[in-house]
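Secondary and tertiary structure notes
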Amino acid sequence: MGNSNDKSDGWANRDSFLGLETKYGTIRAGRISNQMNANMDIVDAWEYNNEALGLGKFTRTDARYVGIAYDSPEWAGFNFNLLYSPRDNVNLGDRPSEYTAGIGTGEKYSLGLNYQNSGWFAKYGFDYLKNSAIKTDDDGTTDLKDGQVHRVEGGYDANNWFVGVGYQYTKNTTSYYRGLSEKSLGGIGDHNVTDDNQGQEAALTVGYHFGNIFPKISYAHGWDVKINGDKEKNTKYDQVVLGADYDFSKRTTANVQAGWLREGNGEGLGKDKTTAFGVGLKHTF
């Protein structure tokens with residue numbers, strides 16, 4: 001399962017790389033998905049373009065980096081992957097500009113662990129992002145801070161049932177709180193710097209296959225975020241998506257769904273509520 005809210009990388013909406021595959025694993029170099037984008041959209045089992053009709057907030061940490069990756073072979077249902085994006089690939093090799101902008105180097109590291117057996121699955125994704133945020137101290141001084149993303153997904157997909165649950169912790173990187181993301185302090189190349197922040201969120205999707213019909217429901221929740229170490233009130237979100245897929249064939253699927261999203265705008269600024277309805281048809285070539 002996956003979603004059509006695929007993350008564009010400025011080149012295309014797919015990975016672009018050269019690779020060498022051996023019995024000991026695969027090495028790739030190019031524009032490559034991190035663990036979250038490559039293997040961890042299972043909980044987000046929707047096709048959508050409207051934010052309220054899928055779990056795009058939860059999967060916003062899906063990304064592509066220019067670098068080199070290693071994908072292990074599978075051992076008894078287990079495999080892992082590593083991805084490294086050097087500073088010159090992230091900052092486009094423009095070191096004088098990065099120092100002038102005061103954003104430092106932006107190399108990135110990604111790790112993925114995957115396990116599946118008899119319908120059960122478990123996945124872990126980790127990103128480490130150098131100098132991804134700026135923390136402002138009480139005296140007005142600023143310090144560059146490194147970022148982290150931790151996402152865990154698990155569940156069961158067999159015997160007509162699908163149950164997927166996920167948890168994500170983000171620190172000093174993109175946030176589901178829109179008031180923070182709008183404060184981006186700029187960047188060079190793929191290196192964007194934001195305010196110091198922390199967030200936690202969880203998502204659950206349950207569905208059941210009745211022949212060609214697959215009804216399902218998702219719920220996602222993000223807790224109040226922390227900015228510069230202090231919890232900000234009214235920055236959480238709640239989301240419900242309800243719908244069904246109908247398989248005309250192995251390659252053609254129709255979908256219908258409705259979504260409801262409520263998100264806080266910060267202390268004293270109220271909440272935004274979005275309700276959406278969508279239908280679609282997907283054909284895989």
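See the structure shown above.
Described below are features of the structure shown in this document. Keep in mind that what you see is a predicted model, and the values were worked out from it rather than measured. (Residues numbered from 1 in each chain as written. Predicted model: local features only at pLDDT ≥ 70, side-chain atom pairs only at ≥ 80, totals over all residues. Heavy atoms only, no water.)

**Details of the overall build of the chain**
Secondary structure summary: the chain contains 4 helices and 18 strands in total. Radius of gyration (C-alpha) of the chain: 20 Å, near the 19 Å computed for a compact globule of 285 residues. Oriented by its inertia axes, the alpha-carbon framework of the chain measures out at about 60 × 55 × 30 Å. Across the 285 residues of the chain, 45% fall into the buried class. In the chain, the share of contacts with a sequence separation of at least 24, taken over all contacts with a separation of at least 6, comes to 61%. Summing over all exposed atoms, the chain offers an accessible surface of approximately 14400 Å²; the carbon and sulfur share of this is 54%. Side-chain charges of the chain comprise 30 positive and 37 negative groups, with the mean position of each set lying 3 Å from the other. (Helix = DSSP H or I, 4+ residues; strand = E, 2+ residues; numbered from the N terminus. Rg over C-alpha atoms; globule rule 2.2 N^0.38 Å. Buried < 20%, exposed > 50% of the residue type's maximum accessible area, 1.4 Å probe, protein only. Contact = heavy atoms within 4.5 Å. Areas by Shrake-Rupley, 256 points an atom, 1.4 Å probe, with all protein chains shown as cover. Lys, Arg positive; Asp, Glu negative; His and termini not counted. Charge placed at Lys NZ, Arg CZ, Asp CG, Glu CD.)

**Side note on the pairing of strand 18 (residues 271–283)**
When strand 17 (residues 252–264) meets strand 18, the two strands line up antiparallel, connected through 13 bridges. When the sheet's bridge partners are listed, Gly259 is paired in strand 18 with Ala276. Between strand 17 and the antiparallel strand that follows it, strand 18, lie 6 residues; Gly266 among them carries a positive phi value of about 110°. (Pairing = 2+ DSSP bridges.)

**Things to note about the environment of Gln257**
Examined against the element boundaries, Gln257 turns out to sit in strand 17. Separated by 42 residues in the primary sequence, Gln257 and Pro215 have C-alpha atoms spaced 9.4 Å apart. Residue contacts for Gln257: discarding those within four places in its chain leaves Trp46, Glu47, Tyr48, Leu53, Val241, Leu242, Gly243, Ala276, Phe277 and Gly278. Within the structure, Gln257 has its side chain in polar contact with the backbone oxygen of Glu47 (distance 2.9 Å). (Polar contact = N/O pair within 3.5 Å; in protein donor to acceptor, adjacent residues only side chain to side chain.)

**Details of the packing of aromatic side chains**
For the structure shown, the criterion picks out 10 aromatic pairs. Seen in terms of ring centroids, Tyr84 and Tyr109 are 5.1 Å apart; in terms of plane orientation they differ by 35°. Their pairing is tilted. With Tyr84 in strand 4 (residues 78–85) and Tyr109 in strand 5 (residues 108–117), this pair connects stretches of sequence that are 25 residues apart. The partly exposed category is assigned to Tyr84, whose relative accessible area is 32%. Ring centres 5.0 Å apart and planes at 75° place the aromatic pair Tyr246 and Phe248 in the edge-to-face group. Residue Tyr246 is classed as partly exposed on the basis of its relative accessible area, which comes to 35%. Owing to a relative accessible area of 55%, Phe248 belongs among the exposed residues under this scheme. (Phe/Tyr/Trp six-rings, centres within 6.5 Å; stacked < 30°, edge-to-face > 60°.)

**Considerations on the nonpolar core**
Judged by nonpolar contacts, the single largest core of 18 residues is most densely connected at Leu55, Ala203 and Tyr237. Listed in part, the 6 residues of the second largest apolar core include Ile32, Tyr65, Leu83 and Leu129. (Core = buried A, V, L, I, M, F, W, Y, C linked by side-chain atoms within 4.5 Å.)

**Focus on the side chain of Arg28**
Along the chain, Arg28 falls in strand 2 (residues 25–33). Take Arg28: its relative accessible area is 14%, and that puts it in the buried class. Among the polar contacts listed, one links the side chain of Arg28 to the side chain of Asp71, at a separation of 2.9 Å.

**Re the pairing of strand 13 (residues 213–222)**
Where strand 12 (residues 197–208) lies against strand 13, 7 bridges are found, and the strand directions are antiparallel. Bridging across to strand 13, Ala203 finds its partner in Ala220. Connecting the antiparallel pair strand 12 and strand 13 is a turn made up of 4 residues, with Gly211 showing a positive phi of about 65°.

**Quick notes on the pattern of salt bridges**
The tally for this structure, following the rule as stated, stands at 14 salt bridges. Residue Lys282 is joined to Glu47 by a salt bridge in which the shortest nitrogen-to-oxygen separation is 3.0 Å. With Lys282 in strand 18 and Glu47 in the loop between helix 1 (35–39) and strand 3 (64–71), this residue pair connects regions lying 235 residues apart in the sequence. Residue classification places Lys282 among the partly exposed positions, given a relative accessible area of 40%. Judged by its relative accessible area of 23%, Glu47 is partly exposed. As a salt-bridge pair, Lys57 and Glu51 come within 3.9 Å of each other at their nearest N and O atoms. Judged by its relative accessible area of 5%, Lys57 is buried. Under the relative-accessibility criterion, Glu51 is labelled partly exposed at 37%. (Salt bridge = Lys/Arg side-chain N within 4 Å of Asp/Glu carboxyl O.)

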